[in-house]
Amino acid sequence: DGGITQSPKYLFRKEGQNVTLSCEQNLNHDAMYWYRQDPGQGLRLIYYSQIVNDFQKGDIAEGYSVSREKKESFPLTVTSAQKNPTAFYLCASSTRDSLDTQYFGPGTRLTVL
Amino acid sequence: LAKTTQPISMDSYEGQEVNITCSHNNIATNDYITWYQQFPSQGPRFIIQGYKTKVTNEVASLFIPADRKSSTLSLPRVSLSDTAVYYCLVGDTARDSSYKLIFGSGTRLLVRP
């Protein structure tokens, strides 16, 4: 089955700890994205990558970091510098020819205690 | 910056047709209009995309007038399972030619029995 996976589904961390969220896709997509969603709100773009070893900041990149060493993987690290990290995190991917048509993973709900 | 405006919420009953209108006054010449559906605690799912006139697929229809400053998503004969948040998006091309989607708050559709 082709798709995009995120793990874990739920994550709890203590304040001040860094945490890394996993995102893997086997759709052979070049572009990958990370979004944050707060309750009752739309999605906000954190980082995106259109090719391996390259990525750009989105609208709310402060306190987050990413890497894109492999085409199929785009992990997101939520650092201790992120002031309010509790949120629902969504990863997506798309082809470079159709950036509007993004395929989303199931999401990771991060709670910082 | 291409932005969209859509109603915050809508109510309907099973079996009715639902039309959700979105305005995008600053849409660029080469932008497509894309609609996504999101259920609680899940990632958004692509529904339909269009550039002008009318597009129809097995799930919905999308009507776009000639000036492309608005679009209407039409869901025929909705069921309870269509209760979700619906997002209307147009792209945003940055100065460095990178492209990203802008998610607003969406329209919360509630389908009643």
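In what follows, the structure referred to is the one given above.
Let us look at the structure shown here. The model shown is predicted, which means the values in this text are computed figures rather than measured ones. (Residues numbered from 1 in each chain as written. Chains lettered and ligands numbered in written order. Predicted model: local features only at pLDDT ≥ 70, side-chain atom pairs only at ≥ 80, totals over all residues. Heavy atoms only, no water.)

Quick notes on the pairing of strand β9 (residues 87–94) of chain A
Two faces make up the sheet, and in a regular strand the side chains alternate between them. All names here are of chain A. The buried fraction of β9 amounts to eight of the eight residues, a majority that puts the element mostly inside the structure. Pairing analysis gives seven bridges linking strand β4 (residues 31–37) to β9, with the strands arranged antiparallel. Bridged to Tyr33 within β9 is Ala92. Both β9 and strand β11 (residues 108–112) contribute to a ladder of three bridges, which runs antiparallel. (Buried < 20%, exposed > 50% of the residue type's maximum accessible area, 1.4 Å probe, protein only. Helix = DSSP H or I, 4+ residues; strand = E, 2+ residues; numbered from the N terminus. Pairing = 2+ DSSP bridges.)

Comments concerning the side chain of Asp82 of chain B
All names here are of chain B. Looking at the secondary structure, you find Asp82 in the loop between β7 (70–75) and β8 (84–93). This buried residue, Asp82, is left without a salt bridge; Arg45 holds the nearest opposite charge, at 6.5 Å. Separated by 2.8 Å, the side chain of Asp82 and the backbone nitrogen of Ser79 make a polar contact. Residues in contact with Asp82, not counting those within four places in the same chain, are Gln37, Leu109 and Val111. (Lys, Arg positive; Asp, Glu negative; His and termini not counted. Salt bridge = Lys/Arg side-chain N within 4 Å of Asp/Glu carboxyl O. Polar contact = N/O pair within 3.5 Å; in protein donor to acceptor, adjacent residues only side chain to side chain. Contact = heavy atoms within 4.5 Å.)

Quick look at empty space enclosed by the protein
Over the atoms, a rolled probe matching the size of one water molecule traces out where space is still vacant. The full count for this structure, using the stated rule, is one cavity of 30 Å³ or more. In this structure, the largest cavity is lined by Lys9, Tyr10, Phe88 and Arg109 of chain A together with Ser41 of chain B. Of the residues belonging to the lining of the largest cavity, the class tally is two nonpolar, one polar and two charged. (1 Å grid on protein atoms, 1.4 Å probe; cavity = no way out; pocket = protein on both sides within 12 Å on 5 of 7 lines; lining within 4 Å. Points joined across faces, edges and corners; volume = space filled by probe spheres on them. Nonpolar A, V, L, I, M, F, W, Y, C, P; charged D, E, K, R; others polar.)

Some remarks on the interface of chain B and chain A
Contact residues are listed per partner, giving 19 residues for chain B and 21 residues for chain A. Joining chain B to chain A, the criterion identifies zero salt bridges. At the level of elements, β3 (33–38), β4 (45–50) and β9 (99–101) of chain B are the ones that each hand at least two residues to the side of chain B that touches chain A. Here the side of chain B that touches chain A is composed, by residue class, of eight nonpolar, nine polar and two charged.

Things to note about the packing of aromatic side chains
Between two aromatic rings, the relevant description is the distance of the centres plus the angle of the planes. This structure, assessed with the given rule, holds twelve aromatic pairs over all chains. Judged by centre distance (6.3 Å) and plane angle (25°), the ring pair of Tyr33 of chain A and Tyr35 of chain A falls under stacked. Accessibility assignment for this pair places Tyr33 of chain A and Tyr35 of chain A in one class, buried. Ring geometry for Tyr47 of chain A versus Phe55 of chain A: centroids 5.9 Å apart, planes at 80°, classification edge-to-face. Take Tyr47 of chain A: its relative accessible area is 7%, and that puts it in the buried class. In textbook terms, an aromatic cluster arises when at least three aromatic residues are bridged by ring pairs, as seen for Tyr33, Tyr35, Tyr48 and Phe104 of chain A together with Tyr36, Phe46, Tyr87 and Phe103 of chain B. Its guanidinium or amino end placed over the ring of Phe74 of chain A, Arg68 of chain A lies 5.9 Å from that ring's centre, counting from NZ or CZ. The ring of Tyr51 of chain B has Arg68 of chain B lying over it, and the distance from NZ or CZ to the ring centre is 3.9 Å. (Phe/Tyr/Trp six-rings, centres within 6.5 Å; stacked < 30°, edge-to-face > 60°. Lys NZ or Arg CZ within 6 Å of the ring centre and 35° of its normal.)

Details of the nonpolar core
Counting 20 residues, the largest nonpolar core has Ile33, Trp35, Leu73, Leu75 and Tyr86 of chain B as the members making the most contacts within it. Taken together, the elements giving at least two residues each to this core come down to β2 (18–23), β3, β4, β6 (61–64), β7, β8 and β10 (107–112) of chain B. Ranked by residues supplied to this core, first place goes to β8 of chain B with four residues. Listed in part, the 19 residues of the second largest apolar core include Ile4, Leu11, Val19 and Ala61 of chain A. (Core = buried A, V, L, I, M, F, W, Y, C linked by side-chain atoms within 4.5 Å.)

Overview of the pattern of salt bridges
Pairing between side chains of opposite charge can happen when the charged atoms of each approach one another. All names here are of chain A. Under the definition given, this model contains four salt bridges over all chains. Between Lys71 and Asp30 there is a salt bridge, and its shortest N-O distance comes to 3.6 Å. Highlighted residues: Lys71 in the loop between β7 (64–66) and β8 (76–78) and Asp30 in the loop between β3 (19–25) and β4, separated in sequence by 41 residues. According to the relative accessible area criterion, Lys71 is partly exposed, its value standing at 25%. Among the charged side chains, a salt-bridge network with shared partners connects Arg36, Asp38 and Arg44.

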